[in-house]
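A closer look at the structure
Below are the chains, spelled out letter by letter.
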Amino acid sequence: MIHRLTRGEIPKKPHTVFEVDGTLTFEHCFTRMGFESIYSIMWHREPPHWVESAEDLGRHPGWAEVGTNGPLRRSHYLSDRQGAGGSPFLARRLLFTNPDIGVWLGRATESEPTLVANADGDELVFVHEGSGRVESALGVVPFSAQDYVYVPQSLPHRWLLDGPALLLTVEGRSPVRVPKQYRVPEGQLSMYAPYTHHDFVEPQWPDGGPESLDAPHRLIIQNGGMLSAFELSHDPFDVVGWDGQVWPFAFPIRAFQPKTGAIHLPPTIHTTFAGDGYVVCSFVPRVVDFADGAIPCPYPHSSPDCDEVLFYVEGNFTSRRGVGAGSLTLHPRGLPHGPHPGTYEASIGTERTDELAVMIDTFKPLLPTPFAAEIEDLNYNTSWVR
Ligand SMILES: [Fe+2]
């Protein structure tokens, strides 16, 4: 989604005869928004859509049909209360949901044993802890802690972990995009954008191509929260080359270049990715508002059109007390939100913040699921009592 790439061998023109080692290849067009948006074309040695068998696996164990918001309150969730184990895709749990996004949390300890694909949406995974790589027919994306990892909707892939990982996944049910104000009409990232093309970690083409990755032939697909398994007839990574703009990437959150105003700028300046009905923002260490008399701490605000999820990564979050690394808070529309008692005044005269956090704002109510209720800290709402 960032820019166009080419890997491996591709024909002079798509949709024409292209032989490798004297054998005809099979084209696989991976398109977005029907045929009206970005796309990548892969050339496989064998037809990519042939299967040996199909199996219904039932509901994803971490899927929740609906959430409920219960009494209106500010809520706090502790990621370390969620049990660890399993693989990134199959063992994660849906914490918050609305028609536009799902927010999943996983504390994985194992690599994905099969290929997986999410037909329910694009995935933007924030890696709080852990490192490894995501393999697909488009190549290998290495990742580390504090990276976002983007995987396009329905792309077969697998997560290979170096050790335990804490992963927060935004499942965008419309494409996750670079906000349009960050691009010039010709498509290049603007000089005003908070990142450059080179900040995005592209898929690496391994020696011998993705065929050398020895991909499993079993593919599990999530669709409507249900899982189906397919045994593929051929190596799903038998791609000799590809070209296009749909590809997975990693983006280190610290590559986000923050802006600071003489006096406080709205949180919009932290917007990193956006889809229909949601934005994902990055709060990174920065110099704070510097005019005489400026109040660096965010002003209390009512955003009656938004619910706000904050995931705390590192540092001392200037506006909140009682939250730590791995905390998630949900501040629903209907209640004004802002700094904890005392923090607004204390911020006056400060010069820097070392906070590192991910914020997800949605324009439809984001409802906690029963899995969220299992890891909730019920004291948070009363922490706002003066
Ligand atoms: Fe807010």
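The present account deals with the structure reproduced in this document. These numbers come from a predicted model, not from an experiment.

As for its position among the elements, S136 is in strand β12 (residues 132–136). Relative accessible area serves as the criterion here: at 1%, S136 is assigned to the buried category. Those residues in contact with S136, other than ones at most four positions away along the chain, are L155, P156, H157, P210, L213, F237 and P248.

Turning to empty space enclosed by the protein, a few remarks are in order. Scanning the entire structure with this criterion turns up 2 cavities of 30 Å³ or more. Together, 31 residues line the largest cavity, and H264, H270, F283, R286 and P298 are the ones closest to its centre. Mapped onto the lining of the largest cavity, the elements with two or more residues apiece are β23 (286–287) and β24 (307–314). Considered as a void within the structure, the second largest cavity measures approximately 40 Å³ in volume. In this structure, the second largest cavity is lined by P88, F89, R92, E123, V125, W159, L167 and T169. Listed by contribution, the elements that provide at least two residues to the lining of the second largest cavity are β11 (122–129) and β16 (165–172). Along the lines of polarity and charge, the residues of the lining of the second largest cavity split into 5 nonpolar, 1 polar and 2 charged.

So, on to the coordination of the iron ion. Coordination of the iron ion by the protein involves H301 (NE2), E308 (OE) and H337 (NE2), with metal-donor separations of 2.1 to 2.2 Å. All donors to the iron ion come from one chain, and their sequence spacing reads H-x6-E-x28-H. With a gap of 29 residues between them, E308 in strand β24 and H337 in the loop between β25 (327–331) and α1 (343–346) connect regions that are remote in the sequence.

Below, the discussion takes up the pairing of strand β10 (residues 115–118). Every second residue of β10 is oriented toward a common face, with L115 and A117 on one face and V116 and N118 on the other, all of them buried. Sheet analysis places β10 next to strand β17 (residues 218–223), joined by 4 bridges and oriented parallel. By the bridge assignment for β17, A117 is matched with I221.

Checked against the element boundaries, R92 lands in the loop between β7 (75–78) and β8 (93–97). Looking at R92, its side chain comes within polar contact range of the side chain of E123, at 2.6 Å. The contact partners of R92, leaving out residues within four places of it in the chain, are H60, G62, S87, W104, L105, G106, N118, E123, T169, E171 and Q222.

Strand order in the open sheet made by the 4 strands is β1-β19-β5-β4, with antiparallel pairing throughout. Both edges of this open sheet fall to β1 (5–8) and β4 (26–31), since each of them pairs with a single strand only. Sheet twist, expressed as the mean angle between neighbouring strand axes with direction ignored, is 15 degrees. Here 4 bridges tie β1 to strand β19 (residues 239–244), and the two strands are oriented antiparallel to one another. Paired with L5 across the strands is G244, a residue of β19.

Turning to the nonpolar core, a few remarks are in order. Core analysis: the biggest nonpolar cluster contains 73 residues, and F96, Y148, F249, F251 and F273 have the highest contact counts within it. Looking at this core, the element that brings in the most residues is β16, giving 5 residues. Counting 12 residues, the second largest nonpolar core, distinct from the first, contains F283, L310, Y380 and W384.

Pairing between side chains of opposite charge can happen when their charged atoms approach one another. Tallied over the entire structure, the rule returns 17 salt bridges. Note that E211 and R45 form a salt bridge whose closest N and O atoms lie 2.6 Å from each other. Of this pair, E211 sits in the loop between β16 and β17 while R45 is found in the loop between β5 (39–44) and β6 (51–59), placing the two residues 166 residues apart along the sequence. For R45, a relative accessible area of 28% corresponds to the partly exposed category. A salt bridge links E231 to R218; its shortest N-O distance comes to 3.4 Å. Of the two residues, E231 sits in strand β18 (residues 226–232) while R218 sits in strand β17, which places them 13 residues apart along the sequence. The partly exposed category is assigned to E231, whose relative accessible area is 27%. Salt bridges here are not isolated pairs; linked through shared partners, they connect D21, R45 and E211.

Below, the discussion takes up the environment of N223. Inspection of the secondary structure puts N223 in strand β17. For the pair N223 and G121, spaced 102 residues apart in sequence, the C-alpha separation works out to 9.0 Å. In this structure, N223 is in contact with A119 and D120, ignoring residues within four places of it in sequence.

Next up on the list: unusual backbone geometry. With a phi angle near 55 degrees, D21 is a residue other than glycine that sits in the positive phi range. For D21, the position within the fold is in the loop between β2 (19–20) and β3 (23–24).

The subject of this paragraph is the packing of aromatic side chains. In total, this model carries 19 aromatic pairs according to the counting rule given. Site record: aromatic cluster; members linked through ring pairs are F126, Y148, Y150, Y182, Y195, F200, W247, F249, F251, F256, F273 and F311. A cation over an aromatic ring shows up here: R92 above the ring of W104, its NZ or CZ 4.8 Å from the ring centre.

Reading guide: rules and limits
- Residues numbered from 1 in each chain as written.
- Predicted model: local features only at pLDDT ≥ 70, side-chain atom pairs only at ≥ 80, totals over all residues.
- Heavy atoms only, no water.
- Helix = DSSP H or I, 4+ residues; strand = E, 2+ residues; numbered from the N terminus.
- Buried < 20%, exposed > 50% of the residue type's maximum accessible area, 1.4 Å probe, protein only.
- Contact = heavy atoms within 4.5 Å.
- 1 Å grid on protein atoms, 1.4 Å probe; cavity = no way out; pocket = protein on both sides within 12 Å on 5 of 7 lines; lining within 4 Å.
- Points joined across faces, edges and corners; volume = space filled by probe spheres on them.
- Nonpolar A, V, L, I, M, F, W, Y, C, P; charged D, E, K, R; others polar.
- Donors = N, O, S within 2.8 Å, 3.2 Å for Na, K, Ca; no water.
- Pairing = 2+ DSSP bridges.
- Polar contact = N/O pair within 3.5 Å; in protein donor to acceptor, adjacent residues only side chain to side chain.
- Axes fitted to C-alpha atoms, helices over the stretch in contact; angles between N-to-C directions.
- Core = buried A, V, L, I, M, F, W, Y, C linked by side-chain atoms within 4.5 Å.
- Salt bridge = Lys/Arg side-chain N within 4 Å of Asp/Glu carboxyl O.
- Phe/Tyr/Trp six-rings, centres within 6.5 Å; stacked < 30°, edge-to-face > 60°.
- Lys NZ or Arg CZ within 6 Å of the ring centre and 35° of its normal.

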